[in-house]
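Remarks on the overall topology
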Amino acid sequence: MFNTNTISRFKDLETPFYYYDLGLLRHTLDACKMASDQYGFHVHYAMKANFNPKVLETIQSYGFGADCVSGNEVKAAIANDFDKSKVVFAGVGKSDKEINAALDADIFCFNVESIQELSIINDLAKAKNKKAKVAIRINPNVDAQTHHFITTGLDENKFGINIWQLNDVAETLRKCASLQFIGIHFHIGSQITDLEVYKNLCTRINDMQDWFEDHGFQVKVLNTGGGLGVDYHHPDTNPIPNFEGYFKVFKDFLKVKPGQEVHFELGRAMVAQSSALIARVLYVKIGQKKNFLVLDAGMTELIRPMLYQAYQKIENLSRESGSESQISNLKSQIFKYDVVGPICESTDCFQKDVELPESFRGDLFAIRTAGAYGEVMASGYNLRDRVQSVYSE
Ligand SMILES: *Cc1c(COP(=O)(O)O)cnc(C)c1O
């Protein structure tokens, strides 16, 4: 991701900033497109992972659809030229205003998360003399084997409709003349690296589509959601997620009937590796128990480590940019630091006890794999400036 030219370019820039490697982004999208196209699968990009305009423009140019979780994301998808017939809209708390905006935009489908929401969409569509296309988001009670903060498909989670409510769903759908049922939707969590989890999901989807067909509904769309994980520990050796293996699981284990479409909603896997947060060391605090490196970036620029105890690789670009052998020569001078931000919260720590070469004020640092749930979660806490984005080209 970084060569000596990139790093020397960074030296003149104000930090912190998000660096985007657009070449890597395109390689990733190429891999995703090739792997999904071979089976005729439909991929919607989950915009909440990153809605930087340049990133959206690049993703849109591949013809991917958009997966939105707010009315403004629906609007942004359309404003950024995503095809409205490929826009899906999920979320447990869609407001009337958001539903109306999506109805006006004639999107492909609402992924509906409660029985009450079905009736509300029906009423709002009726008032506009429209038919809303809906898929039922089912909570399949499949354990995503990921961090509990980013698990969404268990009975205890707020998302989706539980299996024991399906009779009520069927009854409501029959009563709602302004709804058109098109299929079933799932999304069980994020940063899923064990493909076995997706096999279990396929089994559930197969059962659920049989249930709907047995109850007189035609299931045209099977939307499996997203969640494919990336390698936060080895961003350089594993920059591109295993799209081949991922899609193949669905090819092998999903019962796809003639005329059915299989849809996916990937966020993280498409964008995470192509960005890093670049920061400078402001202060080095050598203590009796702990050494701290205080960076000029913190939880206001990248909150995943603080919010989900997530690991993101930290590198000192000013001292580690050399070859492997140079790095091993430095081994004798390896220090342990808590790498922290400037924000007035104790939780504002990127990682504790990071092994790094001896580091100094002014050193450039990269926090890798920041392309998903990074820039989009930035906040203005402490009245911090909104930081810039820098592109490889
Ligand atoms: C967030 C989200 C996704 C994408 O999740 P990733 O882990 O980024 O792939 C897909 N579908 C829905 C409904 C989501 O909320």
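The structure we're discussing is the one just above.
This text gives an overview of the structure that appears in the document. (Residues numbered from 1 in each chain as written. Predicted model: local features only at pLDDT ≥ 70, side-chain atom pairs only at ≥ 80, totals over all residues. Heavy atoms only, no water.)

**Brief notes about the overall build of the chain**
Rules: By the criteria applied, helices consist of DSSP H or I runs no shorter than four residues and strands consist of E runs no shorter than two, each listed in order from the N terminus. Here the globule rule reads 2.2 Å times residues to the power 0.38, and the radius of gyration is calculated from C-alpha atoms. For every residue, the accessible area obtained with a 1.4 Å probe (protein chains only) is divided by the maximum for its type, and the residue is called buried under 20%, exposed over 50%, and partly exposed between those limits. Here, residues are in contact when the closest pair of their heavy atoms is within 4.5 Å. Residue burial considers only the protein chains on display, and all accessible areas are found by Shrake-Rupley using a 1.4 Å probe.
A tally of helices and strands in the chain yields 13 helices and 17 strands. Taking 2.2 N^0.38 as the reference for a compact globule, 393 residues should give roughly 21 Å; the C-alpha atoms of the chain span a radius of gyration of 23 Å, in line with that estimate. For the chain, the C-alpha atoms occupy an extent of roughly 70 × 45 × 40 Å along the three principal directions. Burial status across the chain gives 55% buried among its 393 residues. Intrachain contacts of the chain at a sequence separation of at least 6 include 73% that bridge at least 24 residues. Here the chain displays about 17,400 Å² of accessible surface, and carbon together with sulfur accounts for 48% of that area.

**Structural notes on the site of the ligand**
The following threshold applies: Put simply, a residue is near a molecule or strand once any heavy atom of it comes within 4 Å of that molecule or strand. Whenever a nitrogen or oxygen atom comes within 3.5 Å of another N or O atom, the pair is scored as a polar contact, on the condition that within protein one atom can donate a hydrogen and the other can accept it, and that pairs from neighbouring residues in sequence are kept only if both atoms are in side chains. Just so you know the grouping, Ala, Val, Leu, Ile, Met, Phe, Trp, Tyr, Cys and Pro go in nonpolar, Asp, Glu, Lys and Arg go in charged, and all remaining residues, Gly too, go in polar.
Near the ligand you find 16 residues, and of these Lys48, Ser190, Glu265, Arg268 and Tyr373 are the closest. Note that an oxygen atom of the ligand is positioned 2.7 Å from one of the side-chain N or O atoms of Lys48. Protein coverage of the free-state accessible area of the ligand, which is 390 Å², stands at 95%. Tallied by class, residues from the shell around the ligand come to 5 nonpolar, 6 polar and 5 charged.

**Description of the nonpolar core**
So the rule is basically this: Definition used in this section: a nonpolar core is a set of buried Ala, Val, Leu, Ile, Met, Phe, Trp, Tyr and Cys residues joined via side-chain atoms within 4.5 Å.
Ranked by internal contacts, the top residues of the largest apolar core, which has 104 residues, are Phe110, Leu173, Ile184, Phe212, Phe247 and Met270. Among the elements that take part in this core, helix 8 (residues 196-214) stands out by supplying 7 residues, more than any other. When near neighbours in sequence (up to four residues on either side) are disregarded, Met270 contacts Leu25, Thr28, Leu29, Cys32, Val43, Tyr45, Ile59 and Phe64. Counting 11 residues, the second-largest nonpolar core is a separate cluster that includes Ile7, Phe10, Ala276 and Ala366.

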